[in-house]
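Geometric and topological summary
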Amino acid sequence: MYNVIIIGSGCAGLTAAIYAGRANLKPLVLDGHEPGGQLSLTTHVENFPGFPDGIMGPELIENMRKQAQKFGAEFKAGAVTEVDVSKRPFKVVAGKDTYEAQALIVAAGASARLLGLKGEKELIGRGLSTCATCDGYFFRGKPIAVVGGGDSAMEEANFLSRYASKVYLVHRRNEFRASKIMIDRAKANEKVEFLTPFALESILSPNGHVEGAQLRNLQTKETRQIVVDGVFVAIGHDPNSMIFKGKLEMDSNGYLLAKHGSLTAVPGVFIAGDVQDHRYRQAVTAAGSGCMAAIDAEKFLEEHKH
């Protein structure tokens, strides 16, 4: 029986673990299916406060993990497959093990959707990115491609045009899901060239990093190669919230809904990080919400002492 179980080991989960550990709650952190979260997939993090020269994503995560362990957090590997939040103590199933807790912090994160191309995952941090605000700066004066047709793709294309010499916006249809204002803004940008209806068939990386992309026009079937140093995949994120369907409130896209900071409709269940944030999705906002969830959980446990 644990005082608090934290589901997820990205920025939000680890910050919650640091705070819960310091409050002497001896939290259990369940790593989830992507230990370290999205930060463990990025290379250089330049916008986390306190690191004027930047820090490698995996190193930042490792530091947070050590800090949490120092304050008494316990870590277990494995993804959570089932939860019962209908009554306290809450039950959490991960692998063959079942755990019980008086309070639960859900920091399960979100996963960026990828295109499903061969070798795509291996190129993350080597020219392939799912986050323009994280990585745009590394493509100063270089040509890049953005794949997607929604608002986030338009936004990324505009944002990246500050750095890149040219931005190809690749989309498989001639029409876009994006709002008119976002499309107009991207079309007015002289650095952005629209390539439609093109599908990205393969990423060219003969030397282990992105050097170009092969596209196919879905109407004419012609193929075309473009020379780019970076490919930004902007086709959305999926919150890792499936196991909470019907148990916690979520919006139509599956993001958990928080009220008053980190609280949910279930007393004793708190949420933090990208599993409830489709807007900011930054390491620092995830960390901040992890802190809030831990403080809320501590207060809750204080009030519900038997």
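Heads up: the structure comes first, above all this text.
Heads up: these notes are all about the structure in this document. Just so you know, these numbers come straight off a predicted model, no measurement behind them.

1. A closer look at the state of the cysteines
All chains considered together, the criterion is met by one disulfide. Two residues, C131 and C134, share a disulfide whose sulfurs are 2.0 Å apart. The S-S bond linking C131 to C134 shows a torsion near 75 degrees; that makes this disulfide right-handed. Using a relative accessible area of 14% as the deciding quantity, one classes C131 as buried. This cysteine, C11, is not joined by any disulfide, and C134 carries the nearest cysteine sulfur, 11 Å off. C291 carries a free sulfur, and the closest cysteine sulfur to it, the one in C11, is 13 Å from it.

2. Quick notes on the packing of helix α1 (residues 11-22) against helix α2 (residues 57-70)
At a minimum axis separation of 8 Å, α1 and α2 run at an interaxial angle of 25 degrees. In terms of orientation, α1 lies roughly parallel with respect to α2. Relative to α2, α1 is oriented so that their crossing is left-handed. The residues of α2 that touch α1, namely those facing C11, L14, T15, A17 and I18, are I61, M64, R65, Q67 and A68. Counted by class, the contact of α1 with α2 contains seven nonpolar, two polar and one charged residues.

3. Observations concerning the layout of surface pockets
One number sums up the size of the second largest pocket: a volume of about 240 Å³. Forming the walls of the second largest pocket are 14 residues, and the residues nearest its centre are L115, V147, H171, R172 and I235. Per element, the largest residue contribution to the lining of the second largest pocket is three residues, and it comes from strand β14 (residues 198-204). Across the lining of the second largest pocket, the residue classes break down as eight nonpolar, three polar and three charged.

4. Some thoughts on empty space enclosed by the protein
Enumeration over the complete set of coordinates arrives at one cavity of 30 Å³ or more. Approximately 30 Å³ is the volume found for the largest cavity. The wall of the largest cavity is formed by L248, E249, L257, T264, A265 and I271.

About the cut-offs
- Residues numbered from 1 in each chain as written.
- Predicted model: local features only at pLDDT ≥ 70, side-chain atom pairs only at ≥ 80, totals over all residues.
- Heavy atoms only, no water.
- Disulfide = S-S within 2.5 Å.
- Buried < 20%, exposed > 50% of the residue type's maximum accessible area, 1.4 Å probe, protein only.
- Axes fitted to C-alpha atoms, helices over the stretch in contact; angles between N-to-C directions.
- Helix = DSSP H or I, 4+ residues; strand = E, 2+ residues; numbered from the N terminus.
- Parallel < 35°, antiparallel > 145°, perpendicular 65-115°, else oblique.
- Left-handed = near helix turned anticlockwise from the far one by under 90°.
- Contact = heavy atoms within 4.5 Å.
- Nonpolar A, V, L, I, M, F, W, Y, C, P; charged D, E, K, R; others polar.
- 1 Å grid on protein atoms, 1.4 Å probe; cavity = no way out; pocket = protein on both sides within 12 Å on 5 of 7 lines; lining within 4 Å.
- Points joined across faces, edges and corners; volume = space filled by probe spheres on them.

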